[in-house]
Amino acid sequence: MTTTLGLPDTIQACLFDLDGVVTRTAVVHAAAWKETFDAFLREREGAGFRPFDQGDDYDEYVDGRPRADGVRTFLASRDIHLPEGAPDDPPDAPTVHGLGNRKNELLLEKIRTQGVEAYDGTLRYIEAVRARGLRTAIVSSSANTRDVLRSIGAEDLFDVRIDGVVAAERGLPGKPHPDTFLAAARDLGVDPARAAVFEDALAGMDAGRAGNFGYVVGVDRVGQTEALYAHGADVVVNGLEDL
């Protein structure tokens, strides 16, 4: 049985990713990653370097992962290994954290200059979910989640926030591990089998399936419906209003 929300009637809570589901920031993240990695690769390999692909490389190695994990995973795909460094490394440090911090500086500058736009269909859907008594959480690897939600006036739409800051405080591994989603369900007091995950990233699909959640909704913003199903989606929609 499905409800008018397009969810099984056993679902009591909804766990939403931020970038690409609630806000149109996934494309900004991809652009910041490309600028960061291309500059790094050009400096390391010269003019003949193979650029970072905002489609395949972003989807496979970076999207949905914590920042440092994204750096490690993409560089490993090119057989490049950097020292870890420390979380407060400067953006020009030749370390995993330095490269991640370089990307974050670029991201914040793009957000400041371009602003943040919400998906109106998602906000309407979340309001409908809450009106029917379901609890809600935002689950994102971004350390900037609270600021982004405040910028679009959506902080009050979520009962629980598990983001990059909270994950670091609690020592939670990021997606594709299910730990951040499991923490959100736990904080909401809901069994994972009675919670739905809403994600646009392949790593998020993997996390939703690994956590044995009751329903996993893939949001296809970039034409990767088949990949979202392959990574564990129960249903794939172009926008949550489609539910």
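Look up a bit, the structure's there.
A quick note: this is a predicted structure, and the numbers were derived from the prediction, not measured.

Trainee: How would you explain helix α9 (residues 202–210) if you had to name every residue and give the values?
Mentor: Those residues of α9 not exposed but buried are L202, A203, G204, M205, A207 and G208. As for α9, its buried residues are in contact with α2 (56–62), α8 (179–188), β4 (195–199), β5 (215–219) and α10 (225–230). Trailing α9 by a residue or two, N212 shows a phi angle of about 55°, which is positive.

Trainee: Outline the environment of P91, listing residues and values.
Mentor: With respect to the secondary-structure elements, P91 resides in the loop between α3 (67–77) and α4 (96–114). Given a relative accessible area of 24%, P91 falls into the partly exposed group. Between the alpha carbons of P91 and R102 there is a distance of 4.2 Å; along the sequence they are eleven residues apart. P91 has contacts with G98, N101, R102 and E105, leaving out every residue within four places of it along the chain.

Trainee: Residues and numbers for the pairing of strand β1 (residues 13–16), please.
Mentor: What you see with β1 is no split at all: A13 and L15 on one side and C14 and F16 on the other are buried throughout. Summarising the sheet, β1 and β4 pair through four bridges and their orientation is parallel. Bridge pairing in β4 places A13 opposite A195.

Trainee: Talk me through the environment of A32; I want residue IDs and the actual numbers.
Mentor: By the element assignment, A32 lies in helix α1 (residues 26–45). Sequence spacing of A32 and E105 is 73 residues, and the spatial spacing of their C-alpha atoms is 8.7 Å. With residues near it in sequence (within four places) discarded, A32 still touches K103, L106, L107 and K110.

Criteria and cut-off values
Residues numbered from 1 in each chain as written. Predicted model: local features only at pLDDT ≥ 70, side-chain atom pairs only at ≥ 80, totals over all residues. Heavy atoms only, no water. Buried < 20%, exposed > 50% of the residue type's maximum accessible area, 1.4 Å probe, protein only. Helix = DSSP H or I, 4+ residues; strand = E, 2+ residues; numbered from the N terminus. Contact = heavy atoms within 4.5 Å. Pairing = 2+ DSSP bridges.

On their own, these measurements won't tell you what the molecule is for.
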